[in-house]
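Descriptive structure summary
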Amino acid sequence: MAVVFALWLREVKKYLRSRVQIVASLGGPLMYLGVLGFGLGPVFQRAGEGSYIQFMAPGVIGMAVLFTAMFSGIAMLWDRQFGFLKETLVAPVPRLAIMIGRTLGGATVAVLQGTLIFVVTLVAGFRPASVLAVPLAFLLIALIAVVFAALATAIGSTIKEMQGFQMVMNFLVMPIFFLSAAIYPLQGLPRVLAALTRLDPLTYGVDGMRGLLIGRGSAHFGVAFDVAVLLSVGVLFVAAGAWRFSRIEA
Amino acid sequence: MSDRPIIRVQHVVKSFGTVMAVNDVSFDVRPGEIFAFLGPNGAGKTTTIKMLTTLLRPTTGSLELDGLDVTTHQRDVRTRFGVVFQDPSLDSELTAWENMDIHGVLYHVPRHPRRERCEVLLRMFELWDRRDDLVKTFSGGMKRRLEIARGLLHTPKVLFLDEPTLGLDPQSRNQMWTHVRNLRATEGVTVFLTTHYMDEADRVADRIAVIDHGRLVATGSSAELKDQTGADSLEAAFLALTGTTIRDESATAADQMRQVARVWRR
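Remember, it's a predicted structure, so these values are computed and weren't measured experimentally.

What counts, and at which threshold
- Residues numbered from 1 in each chain as written.
- Chains lettered and ligands numbered in written order.
- Predicted model: local features only at pLDDT ≥ 70, side-chain atom pairs only at ≥ 80, totals over all residues.
- Helix = DSSP H or I, 4+ residues; strand = E, 2+ residues; numbered from the N terminus.
- Rg over C-alpha atoms; globule rule 2.2 N^0.38 Å.
- Buried ≥ 20, exposed ≤ 12 C-beta atoms within 10 Å, placed from the backbone.
- Contact = placed C-beta atoms within 7 Å.
- Pairing = 2+ DSSP bridges.
- Axes fitted to C-alpha atoms, helices over the stretch in contact; angles between N-to-C directions.
- Nonpolar A, V, L, I, M, F, W, Y, C, P; charged D, E, K, R; others polar.
- Parallel < 35°, antiparallel > 145°, perpendicular 65-115°, else oblique.
- Left-handed = near helix turned anticlockwise from the far one by under 90°.

**Examining the overall build of chain B**
The helix and strand inventory of chain B stands at ten helices and ten strands. Computed over the C-alpha atoms, the radius of gyration of chain B is 19 Å, within 12% of the 18 Å expected from 2.2 N^0.38 for a compact globule of 266 residues. Seen through its C-alpha atoms, chain B measures out along the principal axes to roughly 50 × 50 × 40 Å. Looking at chain B as a whole, 42% of its 266 residues are labelled buried. In chain B, once contacts between residues fewer than 6 apart in sequence are set aside, the share between residues at least 24 apart is 67%.

Right under this line is the structure:
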């Protein structure tokens with residue numbers, strides 16, 4: 001337990017120390033919120049769907065969590081390159097504890113980043129339907145964070161080259177974001193797109209947040225179903241991450 | 001002092017595909033001695049250290065540390081040694097103290113003794129005043145000292161040092177060896193080290209093993225090796241044992257590519 005905590009704390013400390021990273025990683029979500037949110041707002045409204053900012057805020061929060069969690073995998077590559085990974089690999093502790101500590105650290109950083117964006121959406125005009133739903137929404141944010149931080153650990157344990165990792169991330173992160181219905185509704189999609197969105201774990205995260213934050217009827221699948229899917233995918237990805245991590249050779 | 005060797009390596013073979021990195025190597029290290037492992041580039045030094053530190057499994061043969069089989073008792077063996085790898089393994093975004101502290105947690109050193117021991121070691125290695133500075137602001141010599149201090153935190157029986165003075169200036173090298181020799185007096189730890197610098201091995205090691213092409217070619221004290229080869233310096237003895245051809249670790253085209261890739265990844 002102490003080991004998990006120490007490695008978790010390490011990730012969080014490093015995050016809090018890198019102000020530049022904090023500010024810079026707000027850029028992407030802010031751009032989407034600003035450009036799409038205000039740009040497409042009138043169209044959305046004319047289509048009779050209400051406020052686009054209101055609709056899109058959960059998607060942008062999901063995006064921030066996705067990006068931060070996925071890029072937490074980079075820490076694996078840094079540690080491999082600059083050696084700290086070896087220090088943990090020869091320590092007399094189970095690999096699983098190391099993997100869990102790192103993954104939870106990455107997930108926590110993603111939740112912190114998601115919280116910042118949440119505050120920003122409030123400033124931009126987002127109004128959650130009820131204050132009581134906000135803590136529950138954070139549960140979903142945490143689930144999304146764990147799902148993608150575990151996926152990042154699995155990828156980071158497998159790929160050794162920085163360039164390779166960046167490529168894989170670009171090929172994964174953007175599709176996961178665009179196929180998640182973060183910026184469009186799930187109703188009435190073409191069949192292929194509808195099928196793809198259902199394969200994307202982020203879809204359920206964003207859908208669940210909408211259900212909680214925007215109010216009744218705005219979750220396409222229902223919040224309970226969303227949570228169930230995220231939990232299962234989370235277990236699957238953590239297992240995959242643990243398996244890949246256990247096979248690292250120095 | 002007991003006669004049981006602290007490290008016992010018997011007929012160890014490690015092959016990577018068709019390459020025999022270590023080929024039927026056997027040797028013993030006695031408790032409390034400073035044992036130097038010498039060899040040209042690519043001779044199998046680091047591979048041997050990686051096997052002894054549980055990072056690689058031998059293809060065949062057995063390795064024992066403090067009477068425990070290294071491959072079957074990984075966890076117990078890991079608590080018994082400290083290691084300073086060839087490449088640095090500190091977290092440069094953390095402070096010296098935090099690096100020490102995390103190590104203590106990883107090795108289950110309880111909080112109170114951990115703090116005391118961190119302080120003792122940081123003072124011993126003259127890093128106490130810089131304990132709250134980020135490691136990325138440290139010089140090469142300071143980083144090495146911190147790594148050794150960290151490797152000793154859990155009071156290991158054996159300390160592995162893989163080329164600890166590589167890339168250090170003569171002052172830092174000198175200081176490093178003074179520290180290593182003091183360690184035996186203060187900590188009673190067995191030191192297993194590799195180095196390229198013959199004069200250093202000559203000065204600091206009780207016994208020396210020379211490895212070449214994955215095979216052990218000689219073992220003994222510096223004086224014994226000189227006698228054996230009729231050379232007047234350890235360097236001459238080393239050259240007599242291993243020949244004067246320059247070793248190229250990157251022998252094949254594929255190896256060379258890997259070498260280039262490694263540089264780019266830095």
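**A closer look at the sheet that holds strand β6 (residues 81-84) of chain B**
All names here are of chain B. With respect to topology, six strands assemble into an open sheet ordered β6-β7-β8-β3-β9-β10, the strand pairing being mixed. The sheet terminates laterally at β6 and β10 (215-220), the two strands that pair on one side only. Averaged over all neighbouring strand pairs, the angle between strand axes comes to 15°, with direction disregarded. Both strand β7 (residues 158-162) and strand β8 (residues 190-195) contribute to a ladder of five bridges, which runs parallel. Considered in β8, the bridge of Phe160 is made with Phe192. Each of β3 (34-38), β7, β8 and β9 (207-212) touches helix α1 (residues 45-52); the most contacted strand, β7, lies at about 150° to it.

**With respect to the sheet that holds strand β2 (residues 19-29) of chain B**
All names here are of chain B. Across the sheet, which stays open at both edges, the four strands sit in the order β2-β1-β4-β5 with antiparallel pairing between neighbours. With one partner strand each, in any of the chains shown, β2 and β5 (68-69) form the two edges of the open sheet. Here two bridges tie strand β4 (residues 60-65) to β5, and the two strands are oriented antiparallel to one another. Bridging from a neighbouring strand, Glu64 pairs with Asp69 of β5.

**Some words on the interface of chain A and chain B**
The interface of chain A with chain B comprises 21 residues on the first partner and 22 residues on the second. For the side of chain A that touches chain B, the secondary structure elements donating two or more residues are α1 (2-17) and α7 (84-89) of chain A. With six residues, the single largest contributor to the side of chain A that touches chain B is α1(A). Class assignment for the residues of the side of chain A that touches chain B results in twelve nonpolar, three polar and six charged.

**Examining the packing of helix α5 (residues 52-71) of chain A against helix α12 (residues 201-213) of chain A**
Residue and element names in this part refer to chain A. At a closest axis distance of 9 Å, the pairing of α5 and α12 adopts a crossing angle of 140°. Between α5 and α12, the interaxial angle falls into the category oblique. Here the hand of the crossing between α5 and α12 comes out right-handed. Every residue of α12 that contacts α5 at Pro58, Gly59, Ile61, Gly62 and Leu66 is listed here: Leu202, Gly205, Val206, Met209, Arg210 and Leu213. Split by residue class, the contact of α5 with α12 holds seven nonpolar, three polar and one charged.

**Looking at unusual backbone geometry**
When glycine is set aside, most residues are seen to have a negative phi, and most peptide bonds are trans. All names here are of chain B. Its identity is not glycine, yet Asp24 carries a phi of approximately 55°, on the positive side. Looking at the element boundaries, Asp24 is found in strand β2. The phi dihedral of Thr155 falls on the positive side, at around 40°, and the residue is not glycine. Residue position: Thr155 is located in the loop between α5 (140-152) and β7.

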